[in-house]
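# Summary of structural features
Listed below are the residues making up each chain.
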Amino acid sequence: MFNAHVLALASEEDAARALEQVGVEPKGGPILARKGLFRAVKLQGVGYREATIAKQEMLGAGGDAATPKGLVDFSRDEVDVILLGTLLHFRRFVAKMRRQAFQCPAIAAEVEAVLEHDRRRTFILPMRRGPLPMERPLVMGVLNVTPDSFSDGGAHLAPDAAIQRGLEMVAEGADLLDVGAESTRPGSDPVPPQEEWRRLEPVLKVLVDRAGVPLSVDTYKPETAAKALDVGVDMVNDVTALRDDRMVQTVAKQDVPAILMHMQGEPKTMQRNPQYEEVVADILRFLRERMAHAVEGGVDEEKLLVDPGIGFGKTLDHNLEILRRLEEFRSLGRPILVGPSRKSFIGAVLDTDVEQRLEGSLAAAVLAASRGAHVVRVHDVRETVRALRLADAVLGRPSGRGR
Ligand code: HH2
């Protein structure tokens, strides 16, 4: 018996470790690791000429490419392609495509970029009050200074209660706090900016000095974001991905990090009949466009985070698919934030009301963390910090969670 077994190799670190165990020369490790890691890269809307060349070149490189029948019977001008190969095959493919005609060099550049992005696991987020290392999934505590948030509405509407809960979450191990004063739950109405700021101001002014962790303001209104940044808040969490151009200007001028979240439609109506051609690809395209728009408007790309927006214009199946395929958002090359906490998809799976979603929220947080989330936005900080400490240990990540 040779004790054959299939190795679980997801990253270069996994491959290097496995090779070391069989005593491969350290110098050969990276080369073999490239042969040991398989990747599938999907391209959408590729012209038939480029798709034909890409298939040939990927086959020539030792890999393969999946293309639809429409490519060979000339019934389609554009097709989606899935390139299949090891990192070594992709390296050869990129070199060959660079020298080809038509849009082939652009395909080479995009494929090379997404593989490089996919490889990147950690980030250091530059912030006003010092850099924020993202080497293990960070816990962002949710503080809703609202009467009507879906899970904790009214609990922290009074400034003192909000401040106390904020400090409590820090004591429980929150790495960041996200403070919001308008519920964006399905069916909610907007809050006027004056009212939003009236709720936020007393809370932010105290927490900026006392929290000891970075603060983000959960708003899509430029006037609210500007005021919050003026009192010292560190970043902006915008559920509309800087839809308002004045928000782009505010973030650019203040040079702070911003979270770009995907939402289909508006909170009032977003859950009526959400539809996607292909949920992950559609959200990726949206986030790419919003990133490009922000960068064109002067925002530093190194300060952007991306969020697929669990529950914002998505069905149960959409939400589950986003979490299952969260790693695919690595292709954007930016830290991934995700907020499944207590949301209705958990209630739908477990058949539980909002106050009975702790276990589901923890499962979602751990799954998200193991599938590439850099920040998990949660209500139950103490429990999530514990659950993620275990996940860190299993995944071999640096500890240091939970003060
Ligand atoms: N979810 C909510 C609010 N803001 N921001 C980001 N980036 N990602 C999210 O998933 C997200 C978010 C909704 O949760 P909550 O704030 O608890 O509820 P409400 O909007 O009812 O206040």
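A short tour of the structure in this document, coming up. Bear in mind that the values here come from a model prediction, so they are computed numbers and not experimental data.

### Re the environment of Asp 380
If you trace the backbone, Asp 380 turns up in the loop between β13 (375-378) and α14 (381-395). Asp 380 gets classed as buried once you look at its relative accessible area, which sits at 14%. Along the primary structure Asp 380 and Met 1 are separated by 379 residues, whereas in three dimensions their C-alpha atoms are 49 Å apart. If we skip the residues at most four places from it in the chain, Asp 380 touches Arg 342 and Leu 358.

### A short note on the nonpolar core
Ranked by size, the top nonpolar core spans 66 residues in total, and within it Leu 177 and Phe 329 carry the most contacts. The element contributing the most residues to this core is helix α10 (residues 279-296), with seven residues. Among all residues touching Leu 177, those that are not within four sequence positions of it are Met 140, Gly 141, Gly 166, Met 169, Val 170, Leu 207, Ala 211, Val 213, Pro 214, Leu 215 and Ser 216. Core analysis: the next-biggest nonpolar cluster, separate from the first, contains 28 residues, Ala 51, Val 79, Phe 90 and Met 97 among them.

### What about the pairing of strand β9 (residues 235-238)?
Here β9 shows a buried face lined by Met 235 and Asn 237 and a second buried face lined by Val 236 and Asp 238. Alignment of strand β8 (residues 215-218) against β9, held across three bridges, turns out to be parallel. Residue pairing for β9: Val 217 is matched across the bridge by Val 236. Once you follow β8 into helix α8 (residues 222-230) and on to β9, the crossover reads as right-handed. Looking at chain direction, β9 and strand β10 (residues 258-261) are connected through three bridges and run parallel. Looking at β10, one finds that Asp 238 is bridged to Leu 260. Between β9 and its parallel partner β10, the chain crosses via helix α9 (residues 245-254), and the hand of that crossover is right-handed.

### Focus: the site of the ligand
Around the ligand there are 19 residues in total, and Ser 149, Ser 183, Asp 307, Lys 343 and His 379 lie nearest to it. At a separation of 3.0 Å, an oxygen atom of the ligand approaches a polar backbone atom of Phe 150. A distance of 3.5 Å separates an oxygen atom of the ligand from a polar atom in the backbone of Gly 339. Look at the ligand: alone it shows 480 Å² of surface, and the protein chains cover 99% of it. Elements with a minimum of two residues in the shell around the ligand: β6 (138-144) and β10. Taken together, the residues of the shell around the ligand sort by class into seven nonpolar, seven polar and five charged.

### Thoughts on the sheet that holds strand β1 (residues 38-47)
The strand order across the open sheet formed by three strands is β1-β3-β2, and the pairing between neighbours is antiparallel. Edge positions in the open sheet fall to β1 and β2 (64-66), since each of these has one partner strand only. On average, adjacent strands in this sheet sit at an angle of 25° to one another, irrespective of strand direction. One ladder, built from eight bridges, connects β1 with strand β3 (residues 78-86); its direction is antiparallel. Each residue of the ladder has a partner; that of Ala 40, found in β3, is Leu 84. With respect to the sheet, helix α3 (residues 48-60) is in contact with β1, β2 and β3, its orientation differing from that of β1 by roughly 160°.

### Here's the deal with the sheet that holds β6
In any sheet, the strands associate via hydrogen bonds between backbone groups, in a parallel or an antiparallel arrangement. Pairing in this open sheet of eight strands is parallel, and the strands run β11-β10-β9-β8-β7-β6-β13-β12 from one edge to the other. In this open sheet, the two strands that pair with only one neighbour each are β11 (304-307) and β12 (337-338).

### Regarding the side chain of Thr 184
Looking at the secondary structure, you find Thr 184 in the loop between β7 (176-180) and α7 (193-210). Residues in contact with Thr 184, not counting those within four places in the same chain, are Val 239, Pro 267, Met 270 and Phe 312.

### Comments concerning α9
Residues Met 247, Val 248, Thr 250 and Val 251 constitute the buried set of α9. Projected onto a plane normal to the axis of α9, the buried residues spread over an arc of 165° and lie on a single side. Seen from the open side of α9, the exposed residues pointing more than 90 degrees away from its buried face are Gln 249 and Lys 253. Structurally, α9 contributes buried residues whose contacts are with α8, β9, β10 and α10. Sitting at the head of α9, Asp 244 places a side-chain oxygen 2.9 Å from the backbone nitrogen of Arg 246. One or two steps after α9, the chain reaches Asp 255, where phi turns positive at roughly 50°.

### A short note on the packing of helix α6 (residues 159-171) against α7
Where α6 contacts α7, the two axes come as close as 9 Å, and the packing angle between them is 30°. Compared by their axis directions, α6 and α7 come out roughly parallel. Here the hand of the crossing between α6 and α7 comes out right-handed. For the pair α6 and α7, the contacting residues are Pro 159, Ala 162, Ile 163, Gly 166 and Leu 167 in the first and Pro 202, Val 203, Val 206, Leu 207 and Arg 210 in the second.

### Describing the packing of aromatic side chains
By convention here, two paired aromatic rings are described through the distance between centres and the angle between planes. In this structure the tally under the stated criterion is one aromatic pair. Cation over ring: Lys 221 sits above Tyr 220, and NZ or CZ is 4.8 Å from the ring centre.

### Thoughts on the environment of Gly 265
Here Gly 265 shows up in the loop between β10 and α10. Considering only alpha carbons, one finds Gly 265 and Asp 380, 115 residues apart in sequence, at a separation of 28 Å.

Conventions adopted
Residue positions are counted from 1 within each chain, in the order its sequence is given. Local features in a predicted model are, by the rule used here, given only for residues with pLDDT of at least 70; side-chain atom pairs are given and counted only at 80 or more, and totals for whole chains, interfaces and linings are based on all residues. Only heavy atoms go into the side-chain values, all of them from the structure, while hydrogens and water stay out. Runs of E in the DSSP output that reach at least two residues are strands. Runs of H or I that reach at least four are helices, and both are numbered from the N terminus. We call a residue buried when its accessible area falls under 20% of the maximum for its residue type, exposed when it is over 50%, and partly exposed in between, using a 1.4 Å probe and counting protein chains only. A contact between two residues is defined here by any heavy atoms of the two lying within 4.5 Å. For this analysis, a nonpolar core means a set of buried residues of the types Ala, Val, Leu, Ile, Met, Phe, Trp, Tyr and Cys, connected via side-chain atoms within 4.5 Å. Two strands qualify as a pair provided that DSSP identifies no fewer than 2 bridges between them. Here a crossover is taken to be right-handed if, once the strands point away from the viewer, the path from the first strand over the helix to the second is traced clockwise. The cutoff for a nearby residue is simple: one of its non-hydrogen atoms must lie within 4 Å of the molecule or strand. Definition of a polar contact: a pair of N or O atoms within 3.5 Å, with one able to donate and the other able to accept a hydrogen when the atoms are protein atoms, and with sequence-neighbouring residues admitted only if both atoms are side-chain atoms. To be clear on the numbers: accessible area is Shrake-Rupley with a 1.4 Å probe, and residue cover counts the displayed protein chains and nothing else. Classes in brief: Ala, Val, Leu, Ile, Met, Phe, Trp, Tyr, Cys and Pro nonpolar; Asp, Glu, Lys and Arg charged; the others, Gly included, polar. Lines are fitted to the C-alpha atoms to define the axes, a helix being fitted only along its stretch in contact, and any angle between axes, read from their N-to-C directions, falls within 0 to 180 degrees. Summarising the geometry, the arc corresponds to the directions from the helix axis toward the C-beta atoms. Throughout this description, any angle smaller than 35 degrees is read as roughly parallel, any larger than 145 degrees as roughly antiparallel, any in the 65 to 115 degree range as roughly perpendicular, and the remainder as oblique. Whether a crossing is left-handed or right-handed is set by the direction in which the near helix is turned from the far one by less than a right angle, anticlockwise for left-handed and clockwise for right-handed. Aromatic pairing here means that ring centres of Phe, Tyr or Trp (its six-membered ring) are within 6.5 Å. Orientation follows from the plane angle: under 30 degrees is stacked, over 60 is edge-to-face, and everything else is tilted. Look at NZ for Lys and CZ for Arg. If either is within 6 Å of the ring centre and within 35 degrees of the ring normal, a charge sits over the ring.

On their own, these measurements won't tell you what the molecule is for.
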